[in-house]
Amino acid sequence: MAKSTTTEARKKDTREKIELGGLIIKAGLRYEKRSLLLGLLIDANRRVRGDEAEKARLSAIGAEAFGNDGE
C-alpha cells in the first residue's frame, strides 16, 4: 500500500512540474536562461508578498492570458 501511495504522489508531483513548465512556455519565456527565469520568479515572489494590489494586478494579467487560450 505504501508503494502505491508513493507512486501516486510521484505522479502528482510530475504532473504539477509539467504544468508549471507549461506556464513558462505560455508566458513566452521558453528560450530564456534558467537563471533569468528563477530571478523573475524570486523577484515576483518578493513583490507580491504582503502586497495585495500587486497580487491582484498580476492575477488579472494571468487570467487574461488564460482567457485568450483560444486565440
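Here's a quick rundown of the structure. Computed from a predicted model, the values in this text were never measured in an experiment.

About the criteria used
Residues numbered from 1 in each chain as written. Predicted model: local features only at pLDDT ≥ 70, side-chain atom pairs only at ≥ 80, totals over all residues. Heavy atoms only, no water. Helix = DSSP H or I, 4+ residues; strand = E, 2+ residues; numbered from the N terminus. Rg over C-alpha atoms; globule rule 2.2 N^0.38 Å. Buried < 20%, exposed > 50% of the residue type's maximum accessible area, 1.4 Å probe, protein only. Lys, Arg positive; Asp, Glu negative; His and termini not counted. Charge placed at Lys NZ, Arg CZ, Asp CG, Glu CD. Salt bridge = Lys/Arg side-chain N within 4 Å of Asp/Glu carboxyl O. Expected span 1.5 Å × (residues − 1). Polar contact = N/O pair within 3.5 Å; in protein donor to acceptor, adjacent residues only side chain to side chain.

The subject of this paragraph is the overall build of the protein chain. Tallying secondary structure elements over the protein chain gives three helices and zero strands in all. The secondary structure elements of the protein chain, listed N-terminal to C-terminal, are α-α-α. Computed over its C-alpha atoms, the radius of gyration of the protein chain comes to 16 Å, more than 25% above the 11 Å expected for a compact globule of 71 residues. Taken along the three principal axes of its C-alpha coordinates, the protein chain extends 45 × 35 × 25 Å. Going through the 71 residues of the protein chain one by one, you find that 4% of them count as buried. Here the protein chain holds 15 positive side-chain charges and 12 negative ones, and the gap between their average locations is 9 Å.

What follows is about the pattern of salt bridges. Two side chains of opposite charge can pair, provided their charged atoms sit close to one another. Tallying each qualifying case throughout the model produces five salt bridges. In this structure, the salt-bridge partner of Lys55 is Glu52, at a minimum N-O distance of 3.9 Å. Of the two residues, Lys55 and Glu52 both sit in helix 3 (residues 52-67), three residues apart, roughly one turn of that helix. Residue Lys55 is classed as partly exposed on the basis of its relative accessible area of 37%. The residue Glu54 makes a salt bridge to Arg57 at a minimum N-O spacing of 2.9 Å. Pair noted here: Glu54 and Arg57 are both in helix 3, with a separation of three residues, about one helical turn. Linked through salt bridges whose partners overlap, the residues forming this network are Asp43, Arg47, Glu54 and Arg57.

Our next topic: helix 3. Look at helix 3: 22 Å from first C-alpha to last across 16 residues, which is about the 22 Å you get at 1.5 Å a residue. N-capping of helix 3 is provided by Asp51, with a side-chain oxygen placed 3.3 Å from the backbone N of Ala53.

Here Asp51 shows up in the loop between helix 2 (34-48) and helix 3. Once the C-alpha coordinates of Asp51 and Phe66 are considered, the two residues, 15 residues apart in sequence, prove to be 23 Å apart. Within the structure, Asp51 has its side chain in polar contact with the backbone nitrogen of Glu54 (distance 3.1 Å).

Over its 15 residues, helix 2 extends 21 Å from the first C-alpha to the last, a length consistent with the 21 Å expected when each residue adds 1.5 Å. Looking at the residues trailing helix 2, positive phi occurs at Gly50, about 80 degrees.

Any link to function would need more than the numbers given here.
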